[in-house]
Each structure stands twice: as structure tokens, then as C-alpha cells.
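Residue-level listing of the chains:
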Amino acid sequence: MTAIDFEGRRATFAWLAEQIEIHGEALPYFVLQQGFLFQGNRIHLVGPQGIFKPASFSLPISITSTIKSPYNDVLGSDGVLRYSYRGDDAMHHENVGVRECWRNQVPLVYLHAITVGKYVPLWPAFVAWDSPTDLTFLVRIDDSIALESATNLALGSAVSSNDDEIRRGYITVQAKRRIHQQAFRTRVITAYRQQCALCRLKHEVLLDAAHIVPDSDVDGVPTVSNGLALCKIHHAAFDKHLLTVRPD
């Protein structure tokens, strides 16, 4: 892995955190495609293919799911993301790149599509296993603490442990919940045309998707019919029962 590749990943993760502060947790495709400048090179995070490597990197930076994917990418309840190979050739250069990320425990960004043109970025993502017989990579999400371990591993001063896999399994399950929450939010706010149902505020970053029947209730399903697009003030008032909705 080249120096710009290694440091570029750190810069990518920091940039993603900044973009989430600006746009919210679901980032538009054009933001990811445009990317950012790093040491005179533009680092894009997405391209036409699901496994993407910037020109200045030696290994892929991101793996991306799509809404209408021909592949069976699944973030399972067991805390493992099953990410399909590019095609059925295990030696395709994109599959080889992800395999090298596994062998060297190089962190990636997993971009989960929640609607057309919007993605929830999860990082750092580590390939946990390569399964050529199933044409599948197994991936787990980790946290920022793991980046230091990845740094030490890359420098040859540490090795991965079982504790890494236990932690990553837990964090990946939490990531699945985040994805479901963002998918619900996006569907509800889109249904209400990006405005508060009460005051008509149209600043999307200030809007929430409120559950009419709480998600802790057995009937609190994450569907549009059980959601309201509310600005943060009206959402707080709704949660405090200062206002409500009738069944009609």
C-alpha cells in the first residue's frame, strides 16, 4: 500500500465525517462522486462499478450496494455483510483488490444505498473473509479505535485478534440499525416532499422522521404510513405529547 493510499484513507474518513455534518447521514451520490482534493489528487469514492479504486490508490477505497443490484449483498443479523464478487471471476482485478484489503486488513468505506442516489457511508469496514466458492466477501464494520490497530498492523507492529472480530460483529449490528433508521427517514421525508408536515419548513437537514406509533411498540413499523416528516421543534413537541394526530 502506497503512502498516499494509506494517508488518503485517513483523509477520506475525516472528509466523510465533515460531509455528514453538512448533508446528514445519507450522502448524495454527487457528493461522493465529486470527492475531495488530497495532496494534489482528487479522491472520488464512487464510480460505475461497485468496487472502486481511486487512480492514486493501490487498493480499493469503497464497496457500494445498489437498490436494483444484480448481486445479493446482505447485511445480516449475525453482524456480517455478505458482499458479492464483481462477476464470477475470482481473479478479476477488482476482486483481487478487495482480497488484498483482506490479507492486509486495509480499511474500506461501505456505501449502503437506501434510495436512488443516496448512500449511508460506514467506515472503517474490514474484509473478514474471502469465500471464492460463494463468490462472496464477508465484511464487518468497525470504529475509529480500529484505525490505530490497522495502522500498527500495516506497519508490522501488531496482529489482528479474536477481540477485533467480536467488536466488529457488535458494531456491524449497530450499523444495520442505523441503515434501517436512515431508510425510514428518507422514505418519510420524500413522501412529505422535504418539508415539515406542520410548519412546512423545507430545510431537509432540520427535518426528522417521527414514528406515529413508537418504534418500541409492536405496531410501530418503519413504514411511511407510520411516519411524519417534522422539523426538530415539532418533533420534540410531538414526543412530549404537546401535539398529536387523530386516526383520520
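Residues numbered from 1 in each chain as written. Predicted model: local features only at pLDDT ≥ 70, side-chain atom pairs only at ≥ 80, totals over all residues. Heavy atoms only, no water.

1. Some remarks on the layout of surface pockets
Put simply, the largest pocket is a space of about 360 Å³. What lines the largest pocket is a set of 13 residues, among which His180, Gln181, Phe184, His211 and Asp215 lie closest to the centre. Elements with a contribution of two residues or more to the lining of the largest pocket: helix H5 (162–191) and strand E11 (207–211). Here the lining of the largest pocket takes six residues from H5, the largest share from any one element. In the lining of the largest pocket, the residues fall into three nonpolar, five polar and five charged. (1 Å grid on protein atoms, 1.4 Å probe; cavity = no way out; pocket = protein on both sides within 12 Å on 5 of 7 lines; lining within 4 Å. Points joined across faces, edges and corners; volume = space filled by probe spheres on them. Helix = DSSP H or I, 4+ residues; strand = E, 2+ residues; numbered from the N terminus. Nonpolar A, V, L, I, M, F, W, Y, C, P; charged D, E, K, R; others polar.)

2. A look at the pairing of strand E8 (residues 108–115)
Within a regular strand, the side chains alternate between the two sheet faces. E8 sits mainly inside the fold: seven of its eight residues count as buried. Of the strand pairs in this sheet, strand E5 (residues 62–64) and E8 are connected by three bridges, and their pairing is parallel. Each bridged residue has a counterpart across the sheet, and for threonine 64 the counterpart in E8 is leucine 111. Alignment of E8 against strand E9 (residues 118–131), held across six bridges, turns out to be antiparallel. Note that in E9 the partner of leucine 108 across the bridge is alanine 125. Turn length for the E8-E9 hairpin, with the two strands adjacent in sequence and antiparallel, is two residues, and the turn residue glycine 117 shows positive phi of about 85 degrees. (Buried < 20%, exposed > 50% of the residue type's maximum accessible area, 1.4 Å probe, protein only. Pairing = 2+ DSSP bridges.)

3. What about the packing of aromatic side chains?
Under the counting rule described, the total for this entry stands at five aromatic pairs. Plain terms: the ring middles of phenylalanine 13 and tryptophan 123 are 6.4 Å apart, the flat faces sit at 10 degrees to each other, and that makes the pair stacked. Residue phenylalanine 13 is found in helix H1 (residues 3–23), and its partner tryptophan 123 is found in strand E9; the two are separated by 110 residues along the sequence. Taking relative accessible area as the criterion, phenylalanine 13 reaches 5% and is therefore assigned buried. Measuring from ring centre to ring centre gives 6.1 Å for tyrosine 29 and tyrosine 119, while their planes differ by 50 degrees; the resulting arrangement is tilted. (Phe/Tyr/Trp six-rings, centres within 6.5 Å; stacked < 30°, edge-to-face > 60°.)

4. Comments concerning unusual backbone geometry
The step from tryptophan 123 to proline 124 runs through a cis peptide bond, and the omega angle for that step is -10 degrees. Structurally, the position occupied by proline 124 is in strand E9. Here arginine 193, not a glycine, exhibits a phi torsion of approximately 60 degrees, which is positive. As for its position among the elements, arginine 193 is in the loop between H5 and E11. When its relative accessible area of 68% is taken as the criterion, arginine 193 is described as exposed. Unlike most non-glycine residues, histidine 241 shows phi in positive territory, near 65 degrees. By the element assignment, histidine 241 lies in the segment after helix H6 (232–239). Residue histidine 241 is classed as exposed on the basis of its relative accessible area, which comes to 70%.

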